[in-house]
Amino acid sequence: MSQVKSLADLRKLKEDLQGKMSLREKSNHPESMVQVKVAMATCGIASGAKQVMDFFINEFDKRNIHAVVTQTGCMGYCYAEPTIEVTIPGQEPIVFGYVDTKKADEIIEKYIKNGELVEGIIPVKYQSIETNKENK
Amino acid sequence: METIKLKIDGKDVTTAKGTTILKAAKEFGIHIPTLCYLHLEDLNIENKPAGCRVCVVEIEGRRNLAPACATDCTEGMVVNTHNIRVLNARKTVLELILSDHPTDCLVCAKNGTCELQTMAQEMGIRELHYQGEQSHYREDTSPAIIRDVDKCIMCRRCEMMCNEVQTVGALSAVNRGFMSVVAPAFEMNLDHSVCTYCGQCVAVCPTGALTEVDHTNNVIRALADPTKTVVVQTAPAVRAALGEEFGLPAGTLVTGKLTAALRRLGFNYIFDTDFAADLTIMEEGTELLSRLNRHLKGEKVPLPILTSCCPAWVNFFEHQFPEMMDIPSTARSPQQMFGAIAKTYFADKIGVKRENLVVVSVMPCLAKKYECQREEFATDGNPDVDFSISTRELAHLIKQSNIEFMSLPDEDFDNPLGESTGAGVIFGTTGGVIEAAVRTAYELQTGKKLENVDFKELRGMEYIREATIDFDGLPIHIGIAHGLGNARKLLQDIKDGKSHYHAIEIMACPGGCIGGGGQPLHHGDSSIIKARQKAIYEEDRNKTIRKSHENPYIIELYENFLGKPMSDKAHHLLHTHYFDKSKETTVE
Amino acid sequence: MGKYNMHVLVCGGTGCHASESETLLQDLKTEVIEHGLENEVQVIATGCFGFCEKGPIVKIMPDNTFYTQVTPKDAKVIVEEHLIKGRKVNRLLYTHPETKEAVADSKHMDFYKKQLRIALRNCGFIDPENIEEYIARDGYEALARSLNELTPEQVIEIMKKSGLRGRGGGGFPTGLKWEITRKSVSDIKYVVCNADEGDPGAFMDRSILEGDPHSVIEAMAICGYCIGSSIGLVYIRAEYPLAIERLKTAIGQSREYGLLGEDIFGSGFNFDIELRYGAGAFVCGEETALIHSMEGLRGEPTVKPPFPSVSGYFGEPTNVNNVETLANIPAIINQGPEWFASIGSEKSKGTKVFALAGKINNVGLIEVPMGTTLREVIYEIGEGIKDGKKFKAVQTGGPSGGCLTEKHLDTPIDYDNLIASGSMMGSGGMIVMDEDDCMVSMAKFYLEFTVDESCGKCTPCRVGNKRLHEILDKITQGKGTREDLDRLRNLSHVIKDTALCGLGQTSPNPVLSTLDNFWDEYMEHVIDKKCRSGQCKALLQYVIVPENCVGCTACARNCPVNAISGERKEIHFIDQAICIKCGVCLEKCKFNAVLVK
C-alpha cells in the first residue's frame, strides 16, 4: 500500500495491478483474443493436461500474448490426450492432439504467432450446441 | 437602491429589488390574504415558512403557483392574484385547513378574533368539499396557557416566537405529516417544560390553539360573594391598550374609563398597580444603591443588578441560568408587592380578615397568572394575589356586564393604594422600569434634585440599548433588553465576564409589557405596540409627581408600616428568593 | 494478489446477501482451499450484477459462466465439477423462460444484451472493498487528470458538453449546476452526495454504493475541484448498512492511498468526505430538506429560491448531486464527453439505471441507453410478463410518477418523453403491472406512502394528500361515487399547483395518470362496484351458481354471519348486504357452486 502522490504514480500502480485484473478484462471479450481450451477430463488429467495448461498460461504471460486459457470437459478425443482447442479471432477453432509442453511451445510460436499450421490437428466432424447457436 | 418594474393584476408596479410580491402588492393597494405569514416590522420579527399556501399567486411562465410572501419580484414579472385558477386554489387550500379543524367556533375562546374564522368568512367558504379524518391531540392546561392543538394550523408563528425571538425552546414542530403539530418536546405538558409563560405564542396564534387560562368566572364569583371584599389593581400597560377592545385607535389612554368600569363591575376598591410600581422602585432602587456603594468601597458584590419584576424573565433565568440567581434584584414584582401590602397593611386598615380579602389583578401579561400561584407568595395557603386576568378578559367582563364602555365618565382610583407617580406608569414599556429607578436612585445617591426626569437615552424600541447616566460625576452604566433572546445575550455576557453594566432592565416581551401576551391581539400590526408605548410616556408627562419617592402614599406607607426600604418587614413582605429549575423538565 | 488463472465472482449486493451469498462466498473459499486451489483460483465478492430475480449470482471467469440461484450447498459441486473438471453445472445455469435453453454466458442473455453499463461498469466486476481493483480499471485517473492537466472551467465544460443530467429525478444539467455553484462567492462551499434513495423499490444508488463506492468518491472530489470546495458530505439513509460499511471502507482506503486528504496528486487541492445518516424520512431526499436535516433541524423543505448552489448548507453554496449522476462522471472524463453524448437521445444523453420490478420475468437492476423503448425493456430485457399474463401498465418514477400503458410501449425512454406521456423518469423505478393489478389500488398504495412521508409543513400535502387517500380508500371499499372522481381530479390539480416541494407537487401524479389511462376501471369501481382485477376485496361478490347447487347446506351452516339462505335440497342464495366476503362458503362447497366475481 503506497501513497499515490502524482498522476505518474497512479499510472504506474495501475500498470502493476492491471495484470491481476487482466483475466477478468479479457474474459469479458474473449472473441477479441486467442482462446485456448484445454480438455481436462479424466483422461486429459491423467495424461498431464494440467501441466500443459499451466505452461500455456505462463508462456502467454511471458511472451505478452493476449490470450484466454480455460479448461473444458472431455472433447471426446480420449485417444489423443492431452487435447486442446485453439481459436484465433476470426477463424475456425482447431483441435490439436498429443499436446505436451514441447508441442505447446511449437503451437504458440508457429500457429498462434504466425498462423502456420502444425502437425497433430484433429479434424472436427461434429458441431456443438455453442457453435450451432453462433452460426444461427 | 435598484428599482424594478412588474405587473400585478394588470397594474404597473415599481418597487425596490428584493421586495416580495406580497409587499409590493400592498404598496399598490392590492391586499393578498395571508395566514401563516407574520411581520412585526417595528420589532424586526418575521415568520415566513410559506407553508399555509393561502397567499399563492400566479406568475406567468411559472409552472405552479407561487407563495407571494416568499417570492421576490423580478423585472418584467406578470402576476395575477385572483384569477379563477388562483381563487380555486386558495379556496381549496382554505377548505383543506378547515377540514382538519374543530367546528366549535361558537364556544371557542377566539370566536370573533380568530384569523382563520375571518378568512373563511372573507373567502366566502360555504361548503367543505373534502372532509375526512381530523387530527386530535390531548388538551394541555398550564397555570397560564391552554394548548388546544386540534386547532393548530401549523403556521409555526408560536414556534418562531419561542425559539427565535424568546430563545426559550418550549415549542417546536413534532410528528410528521397529517399528525404534525407544534408542541413541547415529546408532547409533554407545558408546565413540565421550560416554558416561561411569557405568552408571546398566545399573542401571535391565529386560531384558538393557544389561549390564556380564563379567570373571568372566578372573578365574577368573588364579586358575587357577599363575604368577600374584592380589591382590584391594574397594570400601567392595560390603560394604554384596553380602548382597542372597544374600537378606539391604538394608543388611546383610557385610565378614567377603566376605573369607572371597574367600579361598575362591583369591585370594592379600585387600586393601581402603578402604586406598587413606585414601591418596587423604593425597594429595588435602595438595593441597587446598596450594592453599588459596597462595590465602590471595593467589596465583592454581584453586579450588575437585574430587574426582577417580570415573572417570565424570572422563570427564564431559573430554568436556563440558575447559576446566576444571586444577580437579579430580590424585590418582588409590583403585582406581588401590591398583594402583600393589600392583605396586610390594607386589610388591617379596613378591618377585613386576610381570607376574606380577594385581590384581583388586571395585567397585560399571562405569566402573572402563574406568578400569583407561586408558593412563596402566599401565607398559610392564602395567596397574596388571588387571580390575575388579562386585558382581554377584562374587556369580556365589561361587555358581559352590559357596561357601555364608551359612554363612561372619567373616574379615579381609590386610596391609599391608588395614587401613583409618572415613574410607576412607565413600568409598562421597555426602558420604563430602569428610568423610574434612575429618577429615584439619582436623588437618593447624589442628594441633589433631578431637574429633568426624562431620560430619553433609555427609551426606544431597539432590542438591546445602553446608556451611561451621570450621577453627579459617577457614571452609572445602564443596559436594557426586551425579548428573552436579547436577555440571553446580556446574560451570556455577564457569564463570560464581559458585562460592564451596573444595572440592567429586562422585559420578556418585545416592547415590554405593552406587548404582553394578555394584551388585545395585534394580528401582526406592530405599529399598535409603538402607539401604546407613546401613550405610556404621555400619561407619565401628564402626572404632577413623576418620581416614585415623592409619592405621598408611599411615604405614608413607610412611615406607618414598613419603616424604611429593605427593613425587616419590607424584606419579609416585599422581597423574595429564587429557585433552580434547570432539572425540572420531565416527560409525562 | 497472485496471478490467478480463474476468478470466481460472487454477488455481494444486499439482495443476494439476504439470500446467503456471504455464506456462499465463505463456502466457496473453503472448498477452494480444501482442494488445494488457493493459488490458482481467486474468489471475491463483487457488487450487484443486476439480475436480482436469479440471485445469488456466481460468475466464473475467464470462461464467463454465469450461475444463477446458487446456494451455499452448491459451493462444493461448483469447485469440483467446474473449477477442477471444467464441466459446467447445468442445473445452475440460466434458462430462457420460453425456449427453455440454457445460456451460460451473460452476453448472450436477453437480460444483458441491450444493456450498456456505464454507471454500473464496475458492479459485478470488481471487489468494492479493494481500492486496487478500482485503480486497475482506470480508477482515479479522471481525478488525477483533472487536477494536473485541466482547469476547473475545462472540467465543467466537459460536463456541459457531455449533456449529463441529474439522475435523481430532477434531470437538471449537471455541468450547469456545477458552473452556478462555482460562480457563487464564498470561502466555504460543500459537495453533497444525495444517497437518501427513498422511492419504494428503488435500489440503483444502493447497488452503486455497495458495488463501486470509489466512483462516487472520485466524482465528489472532481466536483469539489470544480466548484472550489474541500468538504464532501454524503447523506446516506441509515437503512443501507451495507452501503455505509462499503463506503466507509472505501473512504478509509482512499485516505490511505493519499487520494483523499491534503495535496491530492500534488496539486495543492484538499478534499475529504464525511458521512451523514438519514433517519427514515423520504422527504429528506429533497435537497433543501436534506440540507436542513444535516444542519440538525427538522427535515422540512424550504422555498427555492434561494437554491442550494447559492445558499445551502449553513447558508454556503452547496452542490447536491445524486449517486448515479456522480458514478457516471469518471467515465465521462476518461472517455470524453463526445463519447457520452453519442449515447442516448437528443436531450437525454448517456444511460439510465432502472430497477425493474413487478410482474415481469426478469426482476433486477438494468442500465440502458436513453432512448431504449419501453417495449425493449419489458419484453426483451425483462423477457416479458410473468406467467404469461397480459401487460397492463408500467409505473415509472415511483410515488412521483405515472403509469404508461400499451399505447406508450414504443416511447423511447428519456426525461422529456416520459413527462410528455404523463409520467416522469424519477430516480429509475419501473414497476410492471399485469391484468391482475388494480390501478385504483395502485394509486392508493402510492398515496399511502406519500401520506406517511409528508413532512406536514404545507397544507396541500399535509391535508390534501390525506384527503386523496381517503377518497381512494373509499372507492376501493366500494363506497365511492361518481362525484368522488371529480373531487380526485380537482384536488389533485390544486395540490400539484400549490404544494411547497417536489414531494407534494408530484404526489398526485399516480392519481391523475391512472384517472387518465384507466378511467373505465375507476368508473367500474364507483358505478358498478366492481374491481375487474379482483384486488379490491370489498368489491368481490360471492354468488351461488344455481346450476351447480344441490342444496347440501354446507355453505349456509358454515357462514359466520348467516348470509346464506336456502332449504335442504333447494338452491341456496347469498345475501350481498350481509356477506362479509370471508370465503368460507367457497372453501366448503364441494359442487363448484360458489363463484367469486
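Since this is a predicted model, take the numbers as computed values, not measurements. (Residues numbered from 1 in each chain as written. Chains lettered and ligands numbered in written order. Predicted model: local features only at pLDDT ≥ 70, side-chain atom pairs only at ≥ 80, totals over all residues. Heavy atoms only, no water.)

A. Representation of the domain arrangement of chain B within the structure. Residue and element names in this part refer to chain B. Taken domain by domain, chain B consists of domain 1 (3-97), domain 2 (100-127 + 146-211) and domain 3 (216-574). Domain 1 and domain 3 are separated by 42 Å when their C-alpha centres are compared. With eight residues of domain 1 at the contact, the number on the domain 3 side is eleven residues. Across the interface of domain 1 and domain 3, roughly 680 Å² is buried in total on both sides, 65% from carbon and sulfur atoms. Three residues stand out in domain 1 for area buried against domain 3, namely L40, D42 and L43, and they jointly supply 77% of the buried area on that side. The interface formed by domain 1 and domain 3 includes one salt bridge. The partner of K530 in a salt bridge is D42, and the shortest N-O contact between them spans 3.8 Å. Put simply, domain 1 and domain 3 have four residue pairs in polar contact (both at pLDDT 80 or more) between them. Top element by residues in the side of domain 1 that touches domain 3 is strand β3 (residues 38-40). It accounts for three residues. (Domains from an automatic or database assignment. Contact = heavy atoms within 4.5 Å. Buried area = accessible area lost by both parts, 1.4 Å probe. Salt bridge = Lys/Arg side-chain N within 4 Å of Asp/Glu carboxyl O. Polar contact = N/O pair within 3.5 Å; in protein donor to acceptor, adjacent residues only side chain to side chain. Helix = DSSP H or I, 4+ residues; strand = E, 2+ residues; numbered from the N terminus.)

B. Quick peek at the interface of chain A and chain C. Contacts between the two partners involve 37 residues from chain A, matched on the other side by 49 residues from chain C. Taken together, both faces of the contact between chain A and chain C bury some 3600 Å²; the carbon and sulfur share is 55%. Contact with chain C buries area across many residues of chain A, yet K20(A), R24(A) and Q71(A) alone supply 18% of it, more than any other trio. Taken together, the connections running from chain A to chain C amount to four salt bridges. At the boundary of chain A with chain C, the tally comes to eight residue pairs in polar contact (both at pLDDT 80 or more).

C. Representation of unusual backbone geometry within the structure. For the peptide bond that leads from L303(B) to P304(B), omega is 5°, which places it in the cis range. Looking at the secondary structure, you find P304(B) in the loop between α9 (273-296) and β15 (305-306). A cis amide bond, omega 10°, links N415(B) with the succeeding residue P416(B). When you line up the elements, P416(B) lands in the loop between α13 (391-400) and α14 (422-425). Even without a glycine there, the phi angle at K100(C) is positive, about 60°.

D. Broad picture of the confidence of the model for chain A. Taken as a whole, chain A shows an average pLDDT of 80; of its residues, 89% reach a score of 70 or greater. Confidence scores differ between elements of chain A, with helix α5 (residues 129-135) of chain A showing the lowest mean pLDDT of 53 and strand β3 (residues 84-87) of chain A the highest of 88. (pLDDT = per-residue confidence, 0-100.)

E. Molecular detail of helix α3 (residues 115-122) of chain B. Residue and element names in this part refer to chain B. Of all the residues in α3, the buried ones are E115, L116, M119 and A120. End-on, the buried residues of α3 take up no more than an arc of 135°, which puts them together on one face. For α3, exposure combined with an orientation more than 90 degrees from the buried face picks out Q121 and E122. Packed against the buried residues of α3 are α2 (84-99) and α4 (157-165). Of the residues flanking the end of α3, it is G124, one or two places downstream, whose phi is positive at about 65°. (Buried < 20%, exposed > 50% of the residue type's maximum accessible area, 1.4 Å probe, protein only. Arc of directions from axis to C-beta.)

F. Structural view of the packing of α2(B) against α3(B). All names here are of chain B. Where α2 contacts α3, the axes come no closer than 11 Å and their chain directions differ by 135°. Here α2 lies oblique to α3, going by the angle between them. Crossing angle aside, the handedness with which α2 passes α3 is left-handed. Counting all contacts with α2, which are made through L94, I97 and L98, the residues of α3 involved are L116, M119 and A120. Residue composition of the contact of α2 with α3, by class: six nonpolar, no polar and no charged. (Axes fitted to C-alpha atoms, helices over the stretch in contact; angles between N-to-C directions. Parallel < 35°, antiparallel > 145°, perpendicular 65-115°, else oblique. Left-handed = near helix turned anticlockwise from the far one by under 90°. Nonpolar A, V, L, I, M, F, W, Y, C, P; charged D, E, K, R; others polar.)

G. Geometry of the interface of chain C and chain B. Taken together, the contact between chain C and chain B spans 32 residues of the former and 34 residues of the latter. Summing both partners gives a buried area of about 2700 Å² for chain C against chain B, and 52% of it is carried by carbon and sulfur. It is R462(C), R467(C) and D497(C) that lose the most area in chain C upon contact with chain B, and together they represent 23% of the buried surface on that side. Across the chain C-chain B interface, the total number found is four salt bridges. Salt-bridge contacts for E453(C) lead to R176(B); the nearest nitrogen and oxygen are separated by 3.4 Å. The tally of links between chain C and chain B comes to 20 residue pairs in polar contact (both at pLDDT 80 or more). Listing elements by their share of the side of chain C that touches chain B, those giving two or more residues are α17 (439-453), α18 (459-476) and α19 (482-498) of chain C. Element by element, the count of residues in the side of chain C that touches chain B is highest for α18(C), at nine residues.

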